[in-house]
Amino acid sequence: LSVLARYACGLAREYGTFGAPRAALGDALGGRRVSVSSELHPYRRVLSGECAADELETLLSLVARLFHDRPQRCAARARKLVETSKEHIRERARDPGARFAARSDELVTSGHPWWRPWAEADLDDFDADAAADVFDAAFASPDGFRVVVA
């Protein structure tokens, strides 16, 4: 489950988090100063964003879309993301600095599965639909979220 949860937001970004493809959303928001991101952590869900003062309505409508519209699933995009991730894993294995950092992280986190770096074997068994279901469930309702405006 931890691989699915950790991969859910990345997969949703690849699909288009707000129910529209990234390119279409980028075109629709062209020139606007708005940014919204979503994250899943072991014990919490996080939405963060920033905008210019005159773009608050746009920001809030994007947040509403996140809870209302589901990312459109695409098997080809999911395969591309998995292949890119496998490539990253192979590059990380060749980098001595990354190997040292991974060992340090393993010691600090006591090898907890949530913090364990992905292995190619994890991605071989990766179920994109299950990861998308995790994202959909995490952001199905705004219940339990606190809104902070600063």
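In what follows, the structure referred to is the one given above.
My aim in this report is to walk through the structure given alongside it, one point at a time.

We now examine the pattern of salt bridges. When the charged atoms of two side chains with opposite charge come close together, those side chains can pair. According to the stated counting rule, one finds 12 salt bridges in the structure shown. Among the ionic pairs, Arg90 bridges to Glu120, the shortest N-O distance being 3.0 Å. In this pair, Arg90 sits in helix 4 (residues 75-94) while Glu120 sits in helix 6 (residues 120-124), placing the two residues 30 residues apart along the sequence. Its relative accessible area of 34% is what places Arg90 among the partly exposed residues. Between Glu106 and Arg103 there is a salt bridge, and its shortest N-O distance comes to 3.5 Å. Of this pair, Glu106 and Arg103 both sit in helix 5 (residues 96-108), separated by three residues, roughly a single helical turn. Relative accessible area serves as the criterion here: at 43%, Glu106 is assigned to the partly exposed category. On the basis of relative accessibility, which here comes to 45%, the residue Arg103 falls in the partly exposed class. The network of salt bridges with shared partners includes Arg73, Asp129, Asp133 and Asp136.

Parameters at a glance
- Residues numbered from 1 in each chain as written.
- Predicted model: local features only at pLDDT ≥ 70, side-chain atom pairs only at ≥ 80, totals over all residues.
- Heavy atoms only, no water.
- Salt bridge = Lys/Arg side-chain N within 4 Å of Asp/Glu carboxyl O.
- Helix = DSSP H or I, 4+ residues; strand = E, 2+ residues; numbered from the N terminus.
- Buried < 20%, exposed > 50% of the residue type's maximum accessible area, 1.4 Å probe, protein only.

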